[in-house]
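Coordinates in review
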Amino acid sequence: MERLLEVKDLQVSFKTYAGEVKAVRGVSFHVDRGETVAVVGESGCGKSVTMQAIMRLIPMPPGVIKNGTIIFDGKDITKLSEKEMEHIRGSEISMVFQDPMTSLNPTMKVGAQIAEGLIKHQKMHPSKAREKAIEMLKLVGIPNAEKRVDQYPHEFSGGMRQRAMIAIALACNPKLLIADEPTTALDVTIQAQILDLMRDLQKKLNTAIIIITHNLGVVANLAQRVLVMYAGKIIERGSLDEIFYNPRHPYTWGLLMSVPTPELDKNKRLASIDGTPPDLFAPPVGCAFAARCEYAMRICYEKYPEDFPVSDGHSAACWLLHPMAPKVKPPVGKGVTL
Amino acid sequence: MVKYILNRLLVSLITAWVLVTIVFFLVRLLPGDPFLSEKVTPEIKANMMRYYGLDKPIHIQYVTFLQNLLKGDFGYSLRYKNRTVNEVIKQAFPYSADLGIRAVIFATIAGVTLGIIAALNRNRTWDYLAMFIAIVGVSVPSFVIGPLLQYVFATKLNLLPVSQWKGFSYTIMPTFALSLGSLALMARLMRASMLDVVNQDFIKTAKAKGLSPFQIIWKHQVRNAILPVITVLGPVTATLLTGTFVVEQIFAIPGLGKFYVLGIQNLDYSLVLGMTTFYGLFLIAANFVVDIIYGLIDPRIRIAK
Ligand SMILES: Nc1ncnc2c1ncn2[C@@H]1O[C@H](COP(=O)(O)OP(=O)(O)OP(=O)(O)O)[C@@H](O)[C@H]1O
Ligand code: SF4
Ligand SMILES: [Mg+2]
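Residues numbered from 1 in each chain as written. Chains lettered and ligands numbered in written order. Predicted model: local features only at pLDDT ≥ 70, side-chain atom pairs only at ≥ 80, totals over all residues. Heavy atoms only, no water.

1. Overview of the sheet that holds strand S12 (residues 314–316) of chain A
Adjacent strands of a sheet form backbone hydrogen bonds with each other and so pair up, either parallel or antiparallel. Residues and elements named next belong to chain A. Spatially, S6-S7-S8-S3-S9-S10-S12-S11 is the arrangement adopted by the 8 strands of the open sheet, whose pairing is mixed. Where the open sheet ends on each side, the last strands, each with one partner, are strand S6 (93–96) and strand S11 (308–311). Direction aside, the axes of adjacent strands within the sheet are offset by 20° on average. Alignment of strand S7 (residues 176–180) against strand S8 (residues 208–212), held across 5 bridges, turns out to be parallel. Among the inter-strand pairings, Asp180 is bridged to a residue of S8, identified as Ile212. Running over the sheet, helix H6 (residues 158–170) touches S6 and S7 and is turned about 170° from S6. Contacts between helix H7 (residues 188–205) and the sheet are confined to strand S3 (36–40), S7 and S8, with S8 contributing the most and set at about 160° to the helix. (Pairing = 2+ DSSP bridges. Helix = DSSP H or I, 4+ residues; strand = E, 2+ residues; numbered from the N terminus. Axes fitted to C-alpha atoms, helices over the stretch in contact; angles between N-to-C directions. Contact = heavy atoms within 4.5 Å.)

2. With respect to the site of ligand 1
All names here are of chain A. Ser43, Gly44, Lys47, Ser48 and Val49 are the nearest of the 14 residues found near ligand 1. Between ligand 1 and Cys45, the relevant distance is 3.3 Å, taken from an oxygen atom to a main-chain nitrogen or oxygen of the residue. Between an oxygen atom of ligand 1 and a main-chain N or O atom of Val49, the distance comes to 2.8 Å. Relative to its unbound accessible area of 630 Å², ligand 1 is 68% covered by the protein chains. Mapped onto the shell around ligand 1, the elements with two or more residues apiece are strand S1 (3–16) and helix H1 (47–55). In terms of residues, the shell around ligand 1 owes the most to one element, H1, which gives 3 residues. Classifying every residue of the shell around ligand 1 by side-chain character gives 6 nonpolar, 6 polar and 2 charged. (Near = heavy atom within 4 Å. Polar contact = N/O pair within 3.5 Å; in protein donor to acceptor, adjacent residues only side chain to side chain. Areas by Shrake-Rupley, 256 points an atom, 1.4 Å probe, with all protein chains shown as cover. Nonpolar A, V, L, I, M, F, W, Y, C, P; charged D, E, K, R; others polar.)

3. Quick look at the interface of chain A and chain B
The partner chain B presents 22 residues to the 27 residues of chain A that form the contact. Together, the buried faces of chain A and chain B total about 2000 Å²; carbon and sulfur atoms form 58% of this surface. Across the contact surface, chain A and chain B share 2 salt bridges. A salt bridge links B:Lys219 to A:Glu116; the shortest N-O distance between them is 3.4 Å. Counting every contact that joins chain A to chain B gives 14 residue pairs in polar contact (both at pLDDT 80 or more). (Buried area = accessible area lost by both parts, 1.4 Å probe. Salt bridge = Lys/Arg side-chain N within 4 Å of Asp/Glu carboxyl O.)

Next up, the structure:
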């Protein structure tokens, strides 16, 4: 498959009064055309910041991209001018945000908000853009699109607003859609509908998707590959099956064990990962997970583990994968059902 | 929208009635009576009281007053013989309204512009300058600004006429003196509102769409930021229209101010009552218009009620 996006050694910091927050500390990954990649990891691990860096939406100041290249469709995004970047945003890379209630402009008709991008990027005549907006609303499954196009966001339900956001994002037929927790703010039945919609549209339009989520169910539903992030780094990556059935990083084990399952014994408590993520002002030199890891060895505190390959496309940054490390039987893997 | 307008209209009418009633009874509470200072015999005084209906029980007076009001009749002045209150208003109000409305327009346009400039240049020179103007504007009252302007621009620089109301150049200083406070208020409000809106998610959406900074500012930020400013437009209009009295004195403008002051000094019940009622109704109408404008700009309000 052809490379669409290649991020190499991305480092993003925020300069605050308290010091420099190293939010993203050397992240590398790629996305191929038309595939879906899920990014998981606990709150504050740098998922959103990474994606905002790709869109060049990081507020600067306080943000700084300290290092890294982002090659999108053959161009290095980090080197583009702000004007050139405008032509990429919304046209080649689009974004859907977490909260559909606040992500739409309350004083502007939904149709006009969809049309805006078309008028800007495809130089469409406003009346033509309006027609296309109706078409997009139909595409994302909003009934009565001819009427809805002239309504304001507050006349839409939460699920419909997120559909409208997706319509905005997909209007110009981007090559990459970044969805930052697109279903977190919605109730469960609506979540499923939105995920179905995204899957359908991806098939139809062949858009590559990066989906950020806390919900491993969403991952299993949608993604072909998974990136697991921890404290500003990707600590494990692999195909969906590899991550779910052959996870190698203790943090990934923890994530998988914290998923409630129907078979879960009523008397057993749901496993959680004890402790808190490290301070990003002064991240540890060794493995950032060491303080919370029950398998931690001396080397874990002293040296950062490099990416150890497990199989093709599957690797994990953990000393347990070193040939000389003691063999540990993973507490999860085969048994996880979602 | 029709429902919203009818609703607002009903509220306005009730407010008007409450206002008229309160004013009516408040004026009657003033100590003394209109003919106290006159060197008249008790008989003549009694005659006059009868002539104006002031000898009747107060609730009858109230009903008569309301009836006349519904006909648009504010009654006779007790002091300016043979002049109706309507005539006084008709003669003097256009000057006050002219000044007041100029001030409202100037305060709004300049205030909003200043607020936008300040917000877009946050914590830079323009911001500090704009906020300095705002602080001066809020803290210095019009009776200080007025004479100061006269001294600088009329007496010293000889650029503008000192006083009176005879053409555009005459309107500049009074308008400025009157509007400065409100201008400052609106500038601060607009700045705060702009800075609030810029952090909202839909601005991020607009950026992610690839819009230019210009489009984001005008189509998304300003349009939402201006809503709180519009809500104060009603009270600001009230402040400015009633505030004209002071400025009229300073710049010798033949508006209603003079009549008001004299009316109160002379206990001219019907003149004070008439003018207050008139002003009150005018402001209620102005608020009604602002409500409708607000409904037009913010669709959420339009549908809600
Ligand atoms: N504007 C900012 N100024 C300072 N620090 C920031 C800023 N934006 C993000 N950060 C910091 O960067 C780190 C990563 O934030 P990020 O939003 O990427 O987390 P996340 O993985 O998306 O978490 P969540 O799941 O809660 O969305 C956090 O520690 C956060 O405090
Ligand atoms: S490197 Fe060491 S501390 Fe880090 S996850 Fe692996 S075993 Fe645990
Ligand atoms: Mg996030």
